[in-house]
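Given next are the chains, with one letter for each unit.
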Amino acid sequence: MPRPSVEAERKAQILASTCKVIAAEGFRHLRVSDVAKDAGVSGGTVHYYFETKRELTDAAFEHCFELSVSRRRWILESDEPPLSRLRMVVESYLPEGAETVEAWKVWVELWVEAIRNPELQELNERFYGEWRDIVASIFRDGQESGDIHPSGDPVELANMMISMLDGLALQVLAGSRAMTVDTMRTTCLRFVDQLSTASVG
């Protein structure tokens, strides 16, 4: 049996390959054999770690979410003012760069499938709840410091910002000529700037 560290690395590679295949081929077209090929292992090895395809895809979605948060941990732990952190969140979620675009495509597949799948609805609910809490905490910090106007509820503001990021990113991914990455950046950053108490009056 492989050493624990080797097992952890192999499992992470399988999950990374699963995300890659989901992003490239779509959730419904995912085959374990394609995941195994990309990961450089046998199909039996994939099933050693994940008995069923559902276990594999659920773990892959969770892996994608954890990586997404870990890549932005420095923003969340930054000593920068809350408005600066919100701007950094916007910049980090723009659908540009292979890693971020792949993650966006994985999330899109989760959303599409969750419409008809109660199990994935629960998964999406948990991920979105955690992400909403993170963003809301930045808004809350801004209101406590006096940088962000106190009139809005932090959770509602987080929902607004997340919805804006999601909706505009979908248009960018769909190849909209009217919604480019630059237009998305300008729109989202304008929203953040309008929250500043310095912009009032």
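Residues numbered from 1 in each chain as written. Predicted model: local features only at pLDDT ≥ 70, side-chain atom pairs only at ≥ 80, totals over all residues. Heavy atoms only, no water.

The name given to the protein in an unreviewed UniProt entry is Transcriptional regulator, TetR family, with the source organism recorded as Lentzea xinjiangensis.

### Comments concerning the overall build of the protein
A tally of helices and strands in the protein yields 10 helices and zero strands. In the protein, the succession of helices and strands from N to C terminus is α-α-α-α-α-α-α-α-α-α. Projecting the C-alpha coordinates of the protein onto the three principal axes gives extents of approximately 65 × 40 × 30 Å. For the protein, the share of sequence-separated contacts (at least 6 apart) that also reach a separation of at least 24 residues comes to 65%. With the model as given, the accessible surface of the protein reaches about 10800 Å², and the carbon-plus-sulfur share is 51%. Averaging the locations of the 22 positively and 32 negatively charged side chains of the protein gives two centres separated by 6 Å. (Helix = DSSP H or I, 4+ residues; strand = E, 2+ residues; numbered from the N terminus. Contact = heavy atoms within 4.5 Å. Areas by Shrake-Rupley, 256 points an atom, 1.4 Å probe, with all protein chains shown as cover. Lys, Arg positive; Asp, Glu negative; His and termini not counted. Charge placed at Lys NZ, Arg CZ, Asp CG, Glu CD.)

### Observations concerning helix H6 (residues 82–93)
Along an α-helix, residues three or four positions apart point the same way, because every turn accommodates 3.6 residues. Helix length check: H6, at 12 residues, gives a terminal C-alpha distance of 17 Å against a target of 16 Å (1.5 Å per residue), a fit within 8%. In terms of burial, H6 is largely enclosed, as nine of its 12 residues are buried. Along H6, the residues that are buried comprise Pro82, Leu83, Ser84, Arg85, Leu86, Val89, Val90, Ser92 and Tyr93. Looking at the buried residues of H6, the elements they touch are helix H4 (53–71), helix H5 (73–76), helix H7 (98–114), helix H8 (118–145), helix H9 (154–173) and helix H10 (181–194). (Expected span 1.5 Å × (residues − 1). Buried < 20%, exposed > 50% of the residue type's maximum accessible area, 1.4 Å probe, protein only.)

### A word on the UniProt feature "DNA-binding region" (unreviewed entry) in the protein
The UniProt feature table records "DNA-binding region" (unreviewed entry) at residues 31–50. The span residues 31–50 is 75% helical and 0% strand by assignment, and the distance between its end C-alpha atoms comes to 13 Å. (UniProt positions renumbered as here; feature names shortened; annotations may be inferred.)

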